Amino acid sequence: ANRAAVRRLPGEDDFIRELTDIEVNKWKTIFQLTEKIYEQKDDFLRFKRGLHCFLKGCSESQINFRLPYFVRSLEALIMPDIGKTTKQFTNRVVRWWKDKNEDNCFHEDAGKVLKEIYDIRCNFEHMHDLGDQLEQKQLLRSYQCEEIARKAYQDILLSDSELKKFISDTSIREYWNK
């Protein structure tokens, strides 16, 4: 009775996830809130660009092209300073790190994983080889980055006080620099 929908995710490690009525209603609320944000033409510009990157990442079929979109979507939220991007990415994105009881793919050290995610993104963007160690972790790191970005946008959209912090570049800067 609480099985509202089944979402099939294609990929190397296919899995099926059942969505409960509660989850379906939560995503309905998120959709409605997103519509309201897009009605505000001059506000949430960076947030909307980041959400666009997140959705592009979700729709990308090639795994190695997904992760850079998810990183970009998170960069929109954290607004890193030039020259401090890796450190700020690692330090700021950790706030959306999932609990290992929530998802067993999050049992490793958050800082180490977030640095690897950013390294993979940088190597990909600059057309460098990943190296064997990062190459082997690319699928997992892409999944983790997607889940972190999903959690970030979900948490922000479902909290009025959090959402207000992302209304403009100024409010985002103030939020991270406090």
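J.: Kindly report on the overall build of the protein, identifying the contributing residues and their values.
T.: In terms of helices and strands, the protein carries eight helices and two strands. Its helices and strands in sequence order give the protein the pattern β-β-α-α-α-α-α-α-α-α, from N to C terminus. Among the 178 residues that make up the protein, the fraction classed as buried is 42%. Pairs at least 24 apart in sequence give 57% of the contacts found in the protein among residues at least 6 apart. Counting every atom, the protein has about 10,700 Å² of accessible surface; 50% of that belongs to carbon and sulfur.

J.: I'd like a rundown of the packing of aromatic side chains, residues and numbers included.
T.: Per the counting criterion, the structure on display carries eleven aromatic pairs. Relative to F166, the ring of F47 has its centre 6.4 Å away and its plane inclined at 50°; by these criteria the two rings are tilted. You can see F47 sitting in helix α2 (residues 45-59) and its partner F166 sitting in the loop between α7 (160-164) and α8 (169-177), a full 119 residues away along the chain. Overall, F47 belongs to the buried group, its relative accessible area being 1%. Relative accessible area serves as the criterion here: at 1%, F166 is assigned to the buried category.

J.: A description of unusual backbone geometry should follow, citing residues and the corresponding values.
T.: With a phi close to 60°, F44 is a non-glycine residue in the positive phi region. Within the secondary structure, F44 sits in the loop between α1 (21-39) and α2. For F44, a relative accessible area of 5% corresponds to the buried category. Residue M79 is not a glycine yet carries a positive backbone phi of 45°. Turning to its location among the elements, M79 is positioned in the loop between α3 (63-78) and α4 (85-93). Note on M79: relative accessible area 10%, which makes it buried.

J.: Quick one: what's the story with α2, residue by residue and with numbers?
T.: If you check α2, its first and last C-alpha atoms are 21 Å apart, about what 15 residues at 1.5 Å a residue would give, namely 21 Å. Among all positions in α2, only R46, F47, K48, G50, L51, C53, F54 and G57 are buried.

J.: Go over the pattern of salt bridges, please, and point to the residues and values.
T.: The tally for this structure, following the rule as stated, stands at 14 salt bridges. Among the ionic pairs, E162 bridges to R95, the shortest N-O distance being 3.5 Å. Of this pair, E162 sits in helix α7 while R95 sits in the loop between α4 and α5 (110-125), and the two are 67 residues apart along the sequence. Notably, a salt bridge pairs E147 with R150, separated by 3.3 Å at the nearest N-O pair. Of the two residues, E147 and R150 are both situated in helix α6 (residues 131-157); the distance of three residues between them amounts to about one turn of the helix. For the pair E147 and R150, a shared accessibility class is recorded, and that class is buried.

J.: I'd like a rundown of the nonpolar core, residues and numbers included.
T.: F47, L74, L77, F89 and W96 are the most contacted members of the largest nonpolar core, which totals 39 residues. At the level of elements, α1, α2, α3, α4, α5, α6 and α8 are the ones that each hand at least two residues to this core. In contact with F89, other than residues within four places in its own chain, are V71, L74, E75, I78, L114, I117 and Y118.

What counts, and where the lines are drawn
Residues numbered from 1 in each chain as written. Predicted model: local features only at pLDDT ≥ 70, side-chain atom pairs only at ≥ 80, totals over all residues. Heavy atoms only, no water. Helix = DSSP H or I, 4+ residues; strand = E, 2+ residues; numbered from the N terminus. Buried < 20%, exposed > 50% of the residue type's maximum accessible area, 1.4 Å probe, protein only. Contact = heavy atoms within 4.5 Å. Areas by Shrake-Rupley, 256 points an atom, 1.4 Å probe, with all protein chains shown as cover. Phe/Tyr/Trp six-rings, centres within 6.5 Å; stacked < 30°, edge-to-face > 60°. Expected span 1.5 Å × (residues − 1). Salt bridge = Lys/Arg side-chain N within 4 Å of Asp/Glu carboxyl O. Core = buried A, V, L, I, M, F, W, Y, C linked by side-chain atoms within 4.5 Å.

Purely spatial values, then, with no claim about function.
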